Amino acid sequence: MSFATCDICDANEDKIAAGTLAVIPPVFHSFGKNISFSGPARTLKVFEDNVLVRQALETPGEGSVLVVDGGGSLRCALVGGNLGVLAEKNGWAGIIVNGCIRDSEEINACNIGVRALATHPQRSIRKGVGDKDIQVSIVGVTVKPGDWIYADADGVLVSAQRID
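These remarks concern the structure in this document. (Residues numbered from 1 in each chain as written. Predicted model: local features only at pLDDT ≥ 70, side-chain atom pairs only at ≥ 80, totals over all residues. Heavy atoms only, no water.)

Some points on the packing of aromatic side chains
Keep this limit in mind: Stacked, edge-to-face and tilted labels apply to pairs of Phe, Tyr and Trp rings (six-membered ring for Trp) whose centres lie within 6.5 Å, assigned for plane angles under 30 degrees, over 60, and everything in between, in that order. In DSSP terms, a helix is any run of H or I states spanning at least four residues, a strand is any run of E spanning at least two, and both are numbered starting from the N terminus. Each residue is placed in one exposure class: buried if its accessible area under a 1.4 Å probe, protein chains only, is under 20% of its type's maximum, exposed if it is over 50%, and partly exposed if it falls in between.
Across all of its chains, the model carries 2 aromatic pairs by this definition. Taken together, a centroid distance of 5.4 Å and an interplanar angle of 80° make the contact between Phe 3 and Tyr 150 edge-to-face. Of this pair, Phe 3 sits in the segment before helix 1 (5–11) while Tyr 150 sits in strand 11 (residues 148–152), and the two are 147 residues apart along the sequence. The pair formed by Phe 3 and Tyr 150 is uniform in burial state, with each residue classed as buried. Pairwise contacts between aromatic rings join Phe 3, Trp 148 and Tyr 150 into one cluster.

Take a look at the structure:
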């Protein structure tokens with residue numbers, strides 16, 4: 001599917017006004033080969049622990065976007081090169097991390113789109129603490145499981161429904 005977030009915003013000002021289409025503030029850096037990606041959201045809420053991230057990416061992505069609310073932590077990475085390869089292999093369209101990634105060169109070699117706040121060389125803890133398939137807040141924007149994510153060079157949108 002070809003799209004431009006600017007065009008989506010222009011054509012759907014009523015949805016922005018109604019709150020069913022939102023623009024995530026421009027705080028993310030882009031990684032991976034796919035600058036543009038879209039798909040239904042699957043959500044996680046974790047803090048400095050990536051066990052649930054790995055578990056999610058081990059499942060078939062079926063074109064979904066994994067949205068990880070990592071609390072905005074800049075103290076460790078939640079996604080690394082191995083998880084980027086796993087996401088690509090299992091058919092995920094992209095990953096949005098409200099936190100950090102590592103192994104950026106490895107992720108940049110993957111046919112997937114990734115947005116993250118920054119890179120950090122330290123890996124996360126591995127206790128398996130967190131929640132999945134819940135409403136999360138990404139930089140003040142609510143994302144529910146099943147919402148549609150649209151990301152390109154100009155930004156990241158969250159829509160309550162698919163926009164064609």
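Following the structure, the description resumes.
Points about helix 4 (residues 81–89)
Threshold: Only heavy atoms enter the contact rule, under which two residues are in contact if any of them lie within 4.5 Å.
Among all positions in helix 4, only Gly 81, Leu 83, Gly 84, Leu 86 and Ala 87 are buried. Looking at the buried side of helix 4, the elements it contacts are helix 3 (51–57), strand 5 (77–79), strand 6 (94–101) and helix 5 (104–108). Gly 91 sits one or two residues past helix 4 and shows a positive phi near 80°.

Here's the deal with the environment of Asn 98
Note on placement: Asn 98 falls in strand 6. For Asn 98, a relative accessible area of 8% puts it in the buried group. Each C-alpha atom, one on Asn 98 and one on Gly 155, is 14 Å from the other, the two residues being 57 residues apart in sequence. The residues contacting Asn 98, other than those within four sequence positions of it, are Phe 28, Val 68, Asp 69, Gly 70, Gly 71, Gly 72, Ser 73, Leu 117, Ser 137, Ile 138 and Val 139.

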